[in-house]
Amino acid sequence: MRTAATFQRYTNIDHQAEQLTGFDQAYQQLDCGSYDGAFLACDSDEVGFFVERTNRRLGQQGAGPAGVISAVVLLSDPGQTVSNGSPFTMDDVLLVGPGGAYEAVVDAGVEPAVFGVSLESAAALPLRRLSSQQAGRIRRIADPELSRKFRAVAANALRSWDAASRSISVPRSVMHGLMLELLTAPSAAQGSSHASIQLYRAARDVMLDALAEPLSMPEVASRVGTSRRTLEQAFDKCVSVSPARFHKLLRLNNARRLIESGRHSVSRAATCSGLHHLGRFSSDYHDLFGELPSETVRRARVLISDPTLAGV
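It should be emphasised that the depicted structure is a prediction, and the values quoted were computed from it without experimental measurement.

**Q** Looking at this structure, I do not really get the overall build of the protein. What am I missing?
**A** Regarding its fold elements, the protein presents 11 helices and 14 strands. For 312 residues, the compact-globule estimate of 2.2 N^0.38 gives 20 Å, and the protein sits close to it at 20 Å. C-alpha extents for the protein along the principal axes are approximately 60 × 50 × 30 Å. Within the protein, contacts between residues separated by at least 24 positions form 75% of all contacts whose residues are at least 6 apart in sequence. When the accessible surface of the protein is totalled, it reaches about 13,400 Å², and 53% of it is carbon and sulfur.

Structure below.
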């Protein structure tokens with residue numbers, strides 16, 4: 001069946017993160033340079049299909065929408081992708097149950113495709129029953145053939161894109177069949193219970209709750225009940241950067257969001273993010289985002305005056 005769809009380019013990671021309906025995604029930019037991304041979204045009452053692309057390495061957090069069972073595959077993978085502390089490749093399929101929380105690090109150029117099936121619209125009782133057992137869970141299925149089938153559906157859907165009618169063709173019955181096959185496949189690893197991802201999440205939450213505080217990494221380690229060395233190993237496994245570097249990236253991303261809101265001056269945004277040396281802040285900000293804070297201010301003023309430019 002043909003379903004309404006949208007395709008948009010983005011220069012702001014937060015605007016792009018909002019497009020994956022119901023997943024409550026949040027992105028953090030993890031490497032340096034200006035941002036350029038694209039997102040295709042098809043979100044009907046029965047099925048959802050989303051594909052995105054980015055030119056930057058991103059940390060992504062989210063959770064499966066209530067009443068929806070979702071599958072994620074990679075259409076291209078020129079870099080390294082990590083999902084809930086474990087490597088995620090083109091031979092894998094990620095099963096996201098309703099409310100299942102995920103953490104991912106996606107390299108530049110990687111193209112994830114997300115499929116979603118509404119459980120209310122699923123006529124097949126086995127599909128609804130098996131999906132209910134996945135509530136709050138994430139499962140990685142290492143099955144190259146099943147991954148290939150999902151990628152084939154994605155490729156056909158992308159080829160069916162019609163710019164004039166802004167619609168694509170998404171075969172509901174095929175998606176239901178693939179979801180049923182996925183739900184009965186054996187798991188590769190229970191990434192959501194991985195010790196490293198749990199430790200990383202706890203430390204990240206401590207950092208986010210104390211962005212404006214002078215917080216050392218030994219103190220972060222102490223607050224989550226581990227050693228600094230173990231904390232460093234967890235961050236290396238989950239996001240491939242040190243805890244100290246990740247904390248700085250969180251602060252810079254937060255400062256950018258405050259500046260873009262139009263409610264904070266550059267100096268206040270930096271201070272509220274725990275970045276008190278304004279000269280160093282400006283340099284670090286430019287290195288990460290490819291523009292000076294003052295340039296972000298000017299761009300934010302344009303977007304605030306004309307919100308329709310947000311996806312340009």
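**Q** Help me understand the sheet that holds strand β5 (residues 47-54), please; the structure alone is not making it clear to me.
**A** Here 7 strands make up an open sheet; going across it, the order is β2-β4-β5-β12-β7-β10-β13 and the pairing antiparallel. Strands with a single pairing partner mark the edges of an open sheet, and in this sheet they are β2 (6-10) and β13 (138-142). Neighbour-to-neighbour, the strand axes of this sheet turn through a mean angle of 20°, independent of strand direction. Against the sheet, helix α3 (residues 144-159) touches β4 (37-43), β5, β7 (68-76), β10 (92-96), β12 (111-118) and β13, its axis set at about 85° to β7. Docked against the sheet, helix α4 (residues 172-183) engages β5, β7, β10, β12 and β13, running at close to 100° with respect to β12.

**Q** It is not clear to me how the packing of aromatic side chains should be interpreted in this structure. Could you clarify?
**A** Within the structure shown, the criterion is met by 8 aromatic pairs. On the numbers, 5.3 Å between centres and 40° between planes, the contact of Phe49 with Phe115 is tilted. Within this pair, whereas Phe49 is found in strand β5, its partner Phe115 is found in strand β12, the two being separated by 66 residues in sequence. Here the two residues Phe49 and Phe115 agree in accessibility, since each one is buried. Taking 5.5 Å as the distance between ring centres and 65° as the angle between the ring planes, the aromatic pair formed by Phe235 and Phe246 counts as edge-to-face.

**Q** Help me out: how do you make sense of the pattern of salt bridges in this one?
**A** Side chains bearing opposite charge may pair, as long as their charged atoms lie close to each other. One pass over the full model with this rule turns up 21 salt bridges. With its nearest N and O atoms 3.4 Å apart, the salt bridge here joins Glu232 to Arg228. Here the residue Glu232 and the residue Arg228 both occupy positions in helix α7 (residues 228-238), the gap between them amounting to 4 residues, near one helical turn. Arg228 sits in the partly exposed class, given a relative accessible area of 43%. Its salt-bridge partner being Glu260, residue Arg299 comes within 3.2 Å of it at the nearest N-O pair. Within this pair, whereas Arg299 is found in helix α11 (residues 293-305), its partner Glu260 is found in helix α8 (residues 243-260), the two being separated by 39 residues in sequence. Judged by relative accessible area, Glu260 falls into the buried class, the value being 16%.

**Q** Please clarify how the packing of helix α5 (residues 195-209) against α8 should be interpreted in this entry.
**A** Any two packed helices are characterised by how steeply their axes cross, that is the angle between the axes, and by the distance between the axes. α8 packs onto α5 with a crossing angle of 45° between their chain directions and a minimal axis gap of 10 Å. Judged by the angle between their axes, α5 and α8 are oblique. As α5 runs across α8, the sense of the crossing is right-handed. Seen from α5, the contacting residues are Tyr200, Arg204, Met207 and Leu208; seen from α8, they are Pro243, Phe246, His247 and Leu250. Broken down by class, the residue content of the contact of α5 with α8 amounts to 6 nonpolar, 1 polar and 1 charged.

**Q** Please clarify how the nonpolar core should be interpreted in this entry.
**A** Nonpolar side chains tend to gather and get buried jointly when the protein is soluble and globular. One finds Val220, Phe235, Val239, Phe246 and Phe281 to be the most contacted residues of the largest nonpolar core, which totals 36 residues. Elements that contribute at least two residues to this core include exactly α5, α6 (217-223), α7, α8, α9 (266-272) and α10 (278-289). Element by element, the count of residues in this core is highest for α8, at 7 residues. Those residues in contact with Val220 that lie beyond four places of it in its chain are Ala203, Val206, Met207, Leu215 and Leu231. Counting residues in each nonpolar core, the second largest holds 31 residues, with Ala5, Ile141, Ala154 and Leu183 among its members.

**Q** In this structure, what is going on with the side chain of Ser70? I would like to understand it.
**A** Among the secondary structure elements, Ser70 is positioned in strand β7. Judged by relative accessible area, which is 0%, Ser70 ranks as buried. Discounting chain neighbours no more than four positions away, the residues touching Ser70 are Phe23, Pro65, Leu94, Leu95, Val96, Phe115, Gly116 and Met179.

Each value, and the rule that gives it
Residues numbered from 1 in each chain as written. Predicted model: local features only at pLDDT ≥ 70, side-chain atom pairs only at ≥ 80, totals over all residues. Heavy atoms only, no water. Helix = DSSP H or I, 4+ residues; strand = E, 2+ residues; numbered from the N terminus. Rg over C-alpha atoms; globule rule 2.2 N^0.38 Å. Contact = heavy atoms within 4.5 Å. Areas by Shrake-Rupley, 256 points an atom, 1.4 Å probe, with all protein chains shown as cover. Pairing = 2+ DSSP bridges. Axes fitted to C-alpha atoms, helices over the stretch in contact; angles between N-to-C directions. Phe/Tyr/Trp six-rings, centres within 6.5 Å; stacked < 30°, edge-to-face > 60°. Buried < 20%, exposed > 50% of the residue type's maximum accessible area, 1.4 Å probe, protein only. Salt bridge = Lys/Arg side-chain N within 4 Å of Asp/Glu carboxyl O. Parallel < 35°, antiparallel > 145°, perpendicular 65-115°, else oblique. Left-handed = near helix turned anticlockwise from the far one by under 90°. Nonpolar A, V, L, I, M, F, W, Y, C, P; charged D, E, K, R; others polar. Core = buried A, V, L, I, M, F, W, Y, C linked by side-chain atoms within 4.5 Å.

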